[in-house]
2 protein chains.
Amino acid sequence: MRLVIARCEVRYSGRLTALLPVATRLIMVKADGSVLVHSDNGSYKPLNWMMAPCRLRESSPSPEAAAMGVAAVWTVQNDKTTDRLEIDIHEMLSDSAFEFGVDPGLVKDGVEAHLQALMAEQITVLGEGHTLVRREYPTAIGPVDILARDSRGGTVAVEIKRRGDIEGVEQLTRYLELLNRDPLLRPVAGVFAAQEIKPQARVLATDRGIRCVVLDYDAMRGVDDVESRLF
Amino acid sequence: MRLVIARCEVRYSGRLTALLPVATRLIMVKADGSVLVHSDNGSYKPLNWMMAPCRLRESSPSPEAAAMGVAAVWTVQNDKTTDRLEIDIHEMLSDSAFEFGVDPGLVKDGVEAHLQALMAEQITVLGEGHTLVRREYPTAIGPVDILARDSRGGTVAVEIKRRGDIEGVEQLTRYLELLNRDPLLRPVAGVFAAQEIKPQARVLATDRGIRCVVLDYDAMRGVDDVESRLF
DNA sequence: ATGTCGATTTCGCTG
DNA sequence: CAGCGAAGTCGACAT
């Protein structure tokens, strides 16, 4: 990884056009060639960037640019698109490089997938007598998180979210519309399950006859086998 | 901005739990206290981070941790939530700080807002005789991008997207459903306008009686006053 | 390659 | 403050 601190102007053109006026910033060049421009302001994402695959070319400024105080010009060109980053280096304040080696990567616990696994194990949170048909039940427009049957054998489609907003209700609605065309499944009831359900989402869901279930992640995790926790 | 290169293990707990095993990484501490942990792998976002407002505390490792090779422990605690980042520094390879000053920030051109402004100016791209009622027409479930009237005085609701996919059609459908409950407006026709419309979105829109319009951004911009371009 | 969907989504705006 | 929607969304995974 190469780290450059420089006073620079940055221009991006591609899906949109963006300009960063001259200021001191951090330019990060990663091992795969990707380039990130960070300010000292909060914001976990760079002000401007170019993702791999791309090519960094360092060149001398034109006489006009040099007269404007540009010491060097970096051009980062995406290999596959017309996306391009142009960095006018006005003053190089620091330039260093480090070898990092391979990163083992991030291990996560507690994302939606885990919530779905817990719910599949504890399917009776939907009500007594519920049984699991399968997780990630495939449809033409994407997988339904959970397909189950209620105590009377009726089909139940469950959409699980950490935070339940209106989009999740729309998603479930699309699945229900499709599933209810299948004579072997219909009628299919919908359940919108989330750790937190936004009022507007609840209104929309209720209006469409979709039941809302609020999930207690910690409680479900507590019931769950300790072994299933990653750490 | 403080830049640290270190062999470290990072643990995040908060909305989820995440673990980064020991490896060499860049730790960026920004002026507002936010902390970003980057690997040398591509990925424009950090592996782990904590956004401001938060507090960084540097402390000595416990005897057990020290025996495991931990030289220092950084704890980054969010001021308002229970989100916490714990960084075990095993080996400090570099530690430097720089003064950046204020960043003037990013100026963008060509985003959806611009597309919407152009369309409001050139509302007849919808057809002869169309007139603008207003942009960002408010409804209970959010603002409609553009409300217009056709040559016969009929109401037209327009949803504008850079990339038109199925979500945009759903969004417009929700607006239409609501607007058509208003006796003063109904019947309200829908127009789905985008620079590019995905086939699936077009099928869904057509099925729902929504007209699709492909926008030529460059052409609209060309017609537009040169002054309106930022650079 | 394309489609779908989650995300510690973040970010910005508006009421 | 919440709510809504955009994002150069990114990134992972399945088809």
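See above for the structure.
All of the points below concern the structure found in this document. (Residues numbered from 1 in each chain as written. Chains lettered and ligands numbered in written order. Predicted model: local features only at pLDDT ≥ 70, side-chain atom pairs only at ≥ 80, totals over all residues. Heavy atoms only, no water.)

Concerning the interface of chain B and chain A
Interface extent is often summarised as the accessible area lost during association of the parts. Residue-level contacts link 57 residues of chain B with 57 residues of chain A. For the pair chain B and chain A, the summed buried surface comes to about 5,000 Å²; carbon and sulfur atoms form 59% of the total. Three residues, Asp40, Tyr44 and Phe100 of chain B, lead the burial of chain B against chain A; their summed loss comes to 16% of the area buried on that side. Counting the contacts that link chain B with chain A gives six salt bridges. With a shortest N-O distance of 3.2 Å, Glu167 of chain B and Arg174 of chain A are connected by a salt bridge. For the interface between chain B and chain A, the tally reads 23 residue pairs in polar contact (both at pLDDT 80 or more). At the level of secondary structure, the elements contributing two or more residues to the side of chain B that touches chain A comprise β1 (2–13), β2 (17–29), β3 (35–38), β4 (48–50), β8 (107–109), β11 (155–164) and α3 (166–179) of chain B. Examining the composition of the side of chain B that touches chain A, we find that 12 residues originate from one element, β2 of chain B, more than from any other. Counted by class, the side of chain B that touches chain A contains 29 nonpolar, 12 polar and 16 charged residues. In the sheet, strand β2 (residues 17–29) of chain A pairs with β8 of chain B via three bridges, with the strands oriented antiparallel. Of the residues in β8 of chain B, the one forming a bridge with Leu19 of chain A is Val107 of chain B. (Contact = heavy atoms within 4.5 Å. Buried area = accessible area lost by both parts, 1.4 Å probe. Salt bridge = Lys/Arg side-chain N within 4 Å of Asp/Glu carboxyl O. Polar contact = N/O pair within 3.5 Å; in protein donor to acceptor, adjacent residues only side chain to side chain. Helix = DSSP H or I, 4+ residues; strand = E, 2+ residues; numbered from the N terminus. Nonpolar A, V, L, I, M, F, W, Y, C, P; charged D, E, K, R; others polar. Pairing = 2+ DSSP bridges.)

Here we look at the pattern of salt bridges
Under the counting rule described, the total for this entry stands at 29 salt bridges over all chains. Put simply, Arg15 of chain A and Asp83 of chain A hold a salt bridge, and the shortest N to O gap is 3.4 Å. Residue Arg15 of chain A is found in the loop between β1 (2–13) and β2, and its partner Asp83 of chain A is found in the loop between β6 (72–78) and β7 (84–97); the two are separated by 68 residues along the sequence. On the basis of relative accessibility, which here comes to 7%, the residue Asp83 of chain A falls in the buried class. The salt bridge partner of Glu159 of chain B is Lys161 of chain B, with a shortest N-O separation of 2.9 Å. Several salt bridges converge on common partners, so that one network encompasses Glu9, Arg11, Glu86 and Asp88 of chain A. (Buried < 20%, exposed > 50% of the residue type's maximum accessible area, 1.4 Å probe, protein only.)

Here's the deal with the nonpolar core
In terms of nonpolar packing, the biggest core is built from 21 residues, with Val10, Ile27, Val35, Trp74, Leu85, Ile87 and Ile89 of chain A touching the most fellow members. When residues of this core are traced back to their parent elements, those giving at least two are β1, β2, β3 (35–38), β6 and β7 of chain A. Looking at this core element by element, the count peaks at five residues for β1 of chain A. If near-sequence neighbours (up to four positions away) are discounted, Ile89 of chain A is found in contact with Ala6, Arg7, Cys8, Ile27, Gly69, Val70, Ala71, Ala72 and Trp74 of chain A. Counting 20 residues, the second-largest nonpolar core is a separate cluster that includes Val10, Tyr12, Val29 and Leu47 of chain B. (Core = buried A, V, L, I, M, F, W, Y, C linked by side-chain atoms within 4.5 Å.)

Topic: the relation of the copies chain B and chain A
Between chain B and chain A, which share one sequence, the superposing operator has a rotation angle of 179° and an axial displacement of 0.1 Å; the RMSD is 0.5 Å. What we have between these two chains is a two-fold relation. It is Lys45 of chain B whose C-alpha, among those of chain B, lies nearest the rotation axis, at 3.0 Å. Here 95% of the contact residues of chain B are again contact residues in chain A; the copies associate through an equivalent surface. (Least-squares fit on C-alpha atoms with pLDDT ≥ 70 in both.)

Some details on the sheet that holds strand β13 (residues 211–214) of chain A
All names here are of chain A. Taken in spatial order, the five strands of this open sheet run β9-β10-β11-β12-β13, and their pairing is mixed. If you trace the sheet from one side to the other, it starts and ends with β9 (131–137) and β13, each paired once. Across the sheet, the mean angle from the axis of one strand to that of its neighbour is 30°, orientation sign disregarded. Examined bridge by bridge, strand β12 (residues 188–197) and β13 share four bridges and lie parallel to one another. Its bridge partner lying in β13, Ala194 is registered against Val214. Of the strands in this sheet, β9, β10 (144–149), β11 (155–164) and β12 touch helix α2 (residues 112–121), which is tilted by about 145° from β11. (Axes fitted to C-alpha atoms, helices over the stretch in contact; angles between N-to-C directions.)

Some details on the layout of surface pockets
Space inside the largest pocket adds up to approximately 560 Å³. Forming the walls of the largest pocket are 24 residues, and the residues nearest its centre are Tyr12, Arg15, Leu16, Trp49 and Asp83 of chain B. Going through the elements one at a time, β11 of chain A together with β4 of chain B are the ones with two or more residues in the lining of the largest pocket. No other element matches the three residues that β4 of chain B contributes to the lining of the largest pocket. Class assignment of the residues belonging to the lining of the largest pocket gives a composition of 13 nonpolar, three polar and eight charged. Its boundaries defined by the atoms lining it, the second largest pocket holds a volume of some 460 Å³. Taken together, 19 residues make up the lining of the second largest pocket; nearest its centre are Tyr12, Arg15, Leu16, Asn48 and Trp49 of chain A. Top contributing element to the lining of the second largest pocket by residue count: strand β4 (residues 48–50) of chain A, with three residues. Grouping the constituent residues of the lining of the second largest pocket by class yields 11 nonpolar, three polar and five charged. (1 Å grid on protein atoms, 1.4 Å probe; cavity = no way out; pocket = protein on both sides within 12 Å on 5 of 7 lines; lining within 4 Å. Points joined across faces, edges and corners; volume = space filled by probe spheres on them.)

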